[in-house]
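Commentary on secondary and tertiary structure
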Amino acid sequence: LKDLPLVDLSYQRLFSALDVPTVVTVVLGFLCLEKKVILISTRQSLVLDCCELLKSLVFPFELVAPYGPLLTEAFMSLLEFPGATFVGIHDDGKEEGLAKLVRNSIPEDSVVLDLDNGEISCDDRY
């Protein structure tokens, strides 16, 4: 019991943004299989909380992919990483913003979760 991950967040936050089948698909189908997962929301705190909560659901395993719960444009090259990544992006509403860029051109082998409407988008390979 002492080895359980410490998460001082309510899972209600995660399940209010995503339904149970989507959470299971993301955790078992994408994170555990080391795929690229990108979370996007207009609410910065929702992105951070959902990243942490999804990461905790991988327990008893550990996430070994590069993890950026709030990716900025300075670290955008993380999306080009050849292996798995797990990042969150705040949609600031800018036309040239990182969220808009990712939505318009989904990086190869990536799954994009829009936390504002619960939609999953991916490139043609999935």
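Scroll up to find the structure this text is about.
A brief structural summary. (Residues numbered from 1 in each chain as written. Predicted model: local features only at pLDDT ≥ 70, side-chain atom pairs only at ≥ 80, totals over all residues. Heavy atoms only, no water.)

**Focus on the overall build of the chain**
Short version of the rule: Helix and strand labels come from DSSP, where a helix needs a run of H or I of at least four residues and a strand needs a run of E of at least two; each type is numbered from the N terminus. For the radius of gyration, the atom set is restricted to C-alpha positions; the globular benchmark scales as 2.2 Å times the number of residues to the power 0.38. Working definition: with a 1.4 Å probe on protein chains only, accessible area under 20% of the residue-type maximum means buried, over 50% means exposed, and in between means partly exposed. All accessible areas in this document rest on Shrake-Rupley with a 1.4 Å probe, and a residue is counted as covered only by the protein chains that are shown. His is not counted, nor are the chain ends, whereas Lys and Arg count as positive and Asp and Glu as negative. Charge positions are represented by NZ for Lys, CZ for Arg, CG for Asp and CD for Glu.
Across its full length, the chain holds four helices and five strands. Listing each helix as α and each strand as β along the chain from the N terminus yields α-α-β-α-β-β-α-β-β. For 126 residues, the compact-globule estimate of 2.2 N^0.38 gives 14 Å, and the chain sits close to it at 14 Å. Over its C-alpha atoms, taken along the principal directions, the chain stretches across nearly 45 × 30 × 25 Å. Expressed as a percentage of the 126 residues in the chain, the buried residues total 38%. Counting only carbon and sulfur atoms, one obtains 54% of the accessible surface of the chain, whose full area is about 7400 Å². When the 10 basic and 20 acidic side-chain charges of the chain are each reduced to a single mean position, those positions are 2 Å apart.

**Looking at helix α3 (residues 44–56)**
Stated precisely, the cut-off is as follows: In this scheme, a helix's expected span is set at 1.5 Å multiplied by one less than its residue total. By definition, residues are in contact when any of their heavy atoms lie within 4.5 Å.
When the terminal C-alpha atoms of α3 are compared, their 19 Å separation across 13 residues agrees well with the 18 Å that a helix rising 1.5 Å per residue should span. Turning to α3, its buried residues are L46, V47, D49, C50, C51, L53, L54 and S56. Buried-residue contacts for α3 involve α1 (11–17), α2 (20–31), β1 (36–41), β2 (67–68) and β3 (86–90).

**Here we look at the pattern of salt bridges**
Operational definition: Between Lys or Arg on one side and Asp or Glu on the other, a salt bridge is scored when a side-chain nitrogen of the former is within 4 Å of a carboxyl oxygen of the latter.
All chains considered together, the criterion is met by four salt bridges. A salt bridge links R103 to D114, with the nearest nitrogen and oxygen atoms 2.8 Å apart. In this pair, R103 sits in helix α4 (residues 98–104) while D114 sits in strand β4 (residues 110–114), placing the two residues eleven residues apart along the sequence. Overall, R103 belongs to the partly exposed group, its relative accessible area being 31%. One continuous salt-bridge network, built from bridges that share partners, spans D91, R103 and D114.

**Observations regarding the nonpolar core**
Generally speaking, soluble globular proteins have nonpolar side chains that are buried together. Going by this rule: What makes a nonpolar core is a set of buried Ala, Val, Leu, Ile, Met, Phe, Trp, Tyr and Cys residues whose side-chain atoms join them at distances within 4.5 Å.
Residues L31, V37, L39, L54, F86 and L115 are the most contacted members of the largest nonpolar core, which totals 24 residues. Contributions of two or more residues to this core are made by α1, α2, β1, α3 and β4. Among the elements that make up this core, the one with the highest residue count is α3 (six residues). Not counting residues within four places of it along the chain, the set of residues in contact with L115 comprises A17, L18, L39, I40, S41, R43, L46, V47 and C50. Counting ten residues, the second-largest nonpolar core is a separate cluster that includes L71, V87, I89 and V102.

**Concerning the state of the cysteines**
What counts, and what does not: Sulfur atoms of two cysteines make up a disulfide when they are within 2.5 Å.
Enumeration according to the criterion identifies zero disulfides in this entry. As a non-bridged cysteine, C122 has C32 as the owner of its nearest cysteine sulfur, 18 Å distant. Classification of C122 by relative accessible area gives partly exposed; the value is 32%.

**Topic: the side chain of T22**
For the record, the criterion: Any pair of nitrogen or oxygen atoms within 3.5 Å is treated as a polar contact; in protein, a donor-acceptor pairing is required on top of that, and neighbouring residues in sequence qualify only through side-chain atoms on both sides.
Within the element layout of this structure, T22 appears in helix α2. Residue class for T22 comes out buried when judged on its relative accessible area of 10%. There is a polar contact of 2.4 Å between the side chain of T22 and the side chain of D19. Setting aside residues no more than four positions away along its own chain, T22 makes contact with L113 and I120.

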